[in-house]
Amino acid sequence: MRLETLAVHAGAAPDAETGALAPPLHLATTFEHAPDGSLPHGLVYQRTDNPTQQRFEQALAALEHGTRALFFGSGMAAGTALLQSLPAGSHVLFPDDAYHGFRALALQYFARWDLRCDFADLSNLDAARAALTPRTVLLWAETPSNPLLKISDIAALAELAHARGARLLVDNTFATPVLQQPLTLGADIVLHSVTKYIGGHSDLMAGALVFGNGMQALAQQAFDARTTVGLHGSPFAAWLALRGLHSLPARMAWHQRNAHAVAMALSAHPKVARVHYPGLPQHPGHALAARQMREFGGMLSFELTGGREAALACAGRLRLFANATSLGGCESLVEHRASVEGAHAVSPPGLLRLSVGLEHPDDLVGDLLQALAD
Ligand SMILES: *Cc1c(COP(=O)(O)O)cnc(C)c1O
């Protein structure tokens, strides 16, 4: 079955009780025990597990070619469950442009949890190798990265990690399983902010982990952390996320087509110093992205020659691109990343990030050209 077909049919078996084609939304917090105290359906309490979430997990595991998926209340909750499952004293190697929430989590909480970390440019294999320590148990990659769209070599990082007895996690939020399947390239764990493209409509908050072969023990620990720490998501979010999965391949094709048109227009503009989009041949990660991704996605960023002031003014003049954080919805968004990142800002001051939505590409390009014209 091809991906588009799988996305429509995964987790979509008719309800056994009623024949309903849309999945039931189970809001129960508690499930009945048998007289002998056993659990006839394996379910006990919503914080531990629930049937709506199980449907989403089975569908996402299928799309990512994983053995088990876990649903969480947010992408941050998914990452936290995994990090809190690592043995005390573990070292984690993050990318230097990791999603700012994980950077803040590592800097503010790792010492309290007796974990260590470093940040390195993981798009550079020598830098990655040099930053590994004997205590490194996890390499944490994000490709394409946020917000510079840097590309890291998943197969090479997996090899590097495995040679040291470590595991490779890939934050696959930007690419989604439609454009990139890290487990098939050698990664051990995939993380998603389901809030973004999988949800796809800017109206749900959720996260997920997907585990590959040989990861049963860590997956079970992350499952236990979800229950004990309370990192679970709501059944309604799981229901919406499953609905989002069905149209994900179609939406990603449209996002990608629009982003390509926007990247081409921006890279020809005299007020634009640099466009960060892996679909452009001049992008340093283009050849690698062409190898490990199916297409290049709907996210890009660009730097204005006029720096911070010009970037803020341009964002203010855009009419179709809403000035807001997040990504992956139907509507196009623009964001001045340095303002959002706050104290730990790593983005260049003149950089704007675009989440290119599902509007017509001519309208999006027209809006950018008028905003750059003044
Ligand atoms: C948004 C995001 C996260 C965090 O997910 P939440 O659902 O907001 O908690 C993690 N990684 C990436 C790449 C993201 O864009």
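## With respect to the overall build of the protein chain
Consideration 1: Within the protein chain one finds 13 helices and twelve strands.
Consideration 2: In summary, the protein chain has a C-alpha radius of gyration of 21 Å against a globular reference of 21 Å for 374 residues, a match within 12%.
Consideration 3: Seen through its principal axes, the protein chain has C-alpha atoms that stretch 75 × 50 × 35 Å.
Consideration 4: Approximately 15,300 Å² of the protein chain is accessible, and the part contributed by carbon and sulfur atoms is 56%.
Consideration 5: Distance from the positive charge centre (26 side chains) to the negative charge centre (32 side chains) of the protein chain: 4 Å.

## With respect to the site of the ligand
Consideration 1: Every one of the 15 residues lining the ligand counts as a neighbour, but Met76, Asp171, Ser193, Thr195 and Lys196 are closest to it.
Consideration 2: One of the backbone N or O atoms of Met76 is found 2.9 Å from an oxygen atom in the ligand.
Consideration 3: Lys196 has a polar side-chain atom sitting 2.8 Å from an oxygen atom of the ligand.
Consideration 4: Considering the ligand on its own, with 380 Å² of exposed area, one finds that the protein chains cover 95% of that surface.

## Brief notes about the domain arrangement of the protein chain
Consideration 1: Segmentation of the protein chain into domains returns domain 1 (3-243) and domain 2 (249-373).
Consideration 2: Each of domain 1 and domain 2 was reduced to a C-alpha centroid, and the two centroids are 26 Å apart.
Consideration 3: Counting residues at the interface gives 33 residues for domain 1, matched by 36 residues for domain 2.
Consideration 4: The tally of links between domain 1 and domain 2 comes to one salt bridge.
Consideration 5: The tally of links from domain 1 across to domain 2 stands at eleven residue pairs in polar contact (both at pLDDT 80 or more).
Consideration 6: Elements represented by at least two residues in the side of domain 1 that touches domain 2 include exactly helix H1 (3-9), helix H4 (100-109) and helix H7 (176-179).
Consideration 7: A total of five residues in the side of domain 1 that touches domain 2 trace back to one element, the largest contributor, which is H4.

## Things to note about the nonpolar core
Nonpolar side chains in soluble globular proteins generally cluster together in the buried interior.
Consideration 1: Counting residues in hydrophobic clusters, the biggest one holds 65 residues, and the most contacted among them are Phe56, Val262, Leu266, Leu300, Phe302 and Leu354.
Consideration 2: The leading source of residues in this core is helix H9 (residues 235-267), at 13 residues.
Consideration 3: Setting aside residues no more than four positions away along its own chain, Phe56 makes contact with Phe71, Val194, Ile198, Ala208, Ala238, Ala241, Leu242 and Leu245.
Consideration 4: In this structure, Phe72, Ala98, Ile189 and Phe223 belong to the second largest nonpolar core, which totals 30 residues.

## A few points about unusual backbone geometry
Consideration 1: Here Thr143 and Pro144 are connected by a cis peptide whose omega angle stands at -5°.
Consideration 2: Within the secondary structure layout, Pro144 lies in the loop between strand S4 (136-142) and helix H6 (154-163).
Consideration 3: With an omega of 10°, the peptide bond running from Asn146 to Pro147 counts as cis.
Consideration 4: As for its position among the elements, Pro147 is in the loop between S4 and H6.
Consideration 5: Unlike most non-glycine residues, His65 shows phi in positive territory, near 60°.
Consideration 6: As for its placement among the helices and strands, His65 is situated in the loop between helix H2 (51-64) and strand S1 (68-72).
Consideration 7: Even without being glycine, Ser326 reaches a positive phi, approximately 80°.
Consideration 8: Its place among the elements puts Ser326 in the loop between strand S10 (322-323) and strand S11 (333-335).

## Let's talk about the sheet that holds strand S2 (residues 91-95)
Consideration 1: An order of S1-S7-S6-S5-S4-S2-S3 is seen for the seven strands of this open sheet, with the pairing classed as mixed. In this open sheet, the two strands that pair with only one neighbour each are S1 and strand S3 (116-120). Direction aside, neighbouring strands of the sheet carry axes that sit 20° apart on average.
Consideration 2: Seen against the sheet, H2 touches S1, strand S6 (189-193) and strand S7 (207-211) and runs at an angle of roughly 130° to S1.

## A word on the sheet that holds strand S8 (residues 272-276)
Consideration 1: What the five strands build is an open sheet, ordered S8-S9-S12-S11-S10; its pairing is mixed. Strands at the two margins of the open sheet, each flanked by one partner only, are S8 and S10.
Consideration 2: Relative to strand S9 (residues 299-304), S8 runs antiparallel, the two being bridged by four bridges. Each residue of the ladder has a partner; that of Val275, found in S9, is Phe302.
Consideration 3: Relative to the sheet, H9 contacts S8, S9 and strand S12 (351-355), its axis offset from that of S9 by approximately 15°.

## Considerations on the side chain of Asp97
Consideration 1: The residue Asp97 is located in the loop between S2 and H4 in this model.
Consideration 2: Side-chain polar atoms of Asp97 contact the side chain of Ser145, separated by 2.6 Å.

## Description of the confidence of the model for the protein chain
Consideration 1: Averaged over all residues, the pLDDT of the protein chain is 97; the fraction at 70 or higher stands at 100%.
Consideration 2: Per-element averaging of pLDDT across the protein chain places helix H12 (residues 337-341) at the bottom with 86 and S7 at the top with 99.

What counts, and at which threshold
Residues numbered from 1 in each chain as written. Predicted model: local features only at pLDDT ≥ 70, side-chain atom pairs only at ≥ 80, totals over all residues. Heavy atoms only, no water. Helix = DSSP H or I, 4+ residues; strand = E, 2+ residues; numbered from the N terminus. Rg over C-alpha atoms; globule rule 2.2 N^0.38 Å. Areas by Shrake-Rupley, 256 points an atom, 1.4 Å probe, with all protein chains shown as cover. Lys, Arg positive; Asp, Glu negative; His and termini not counted. Charge placed at Lys NZ, Arg CZ, Asp CG, Glu CD. Near = heavy atom within 4 Å. Polar contact = N/O pair within 3.5 Å; in protein donor to acceptor, adjacent residues only side chain to side chain. Domains from an automatic or database assignment. Contact = heavy atoms within 4.5 Å. Salt bridge = Lys/Arg side-chain N within 4 Å of Asp/Glu carboxyl O. Core = buried A, V, L, I, M, F, W, Y, C linked by side-chain atoms within 4.5 Å. Buried < 20%, exposed > 50% of the residue type's maximum accessible area, 1.4 Å probe, protein only. Pairing = 2+ DSSP bridges. Axes fitted to C-alpha atoms, helices over the stretch in contact; angles between N-to-C directions. pLDDT = per-residue confidence, 0-100.

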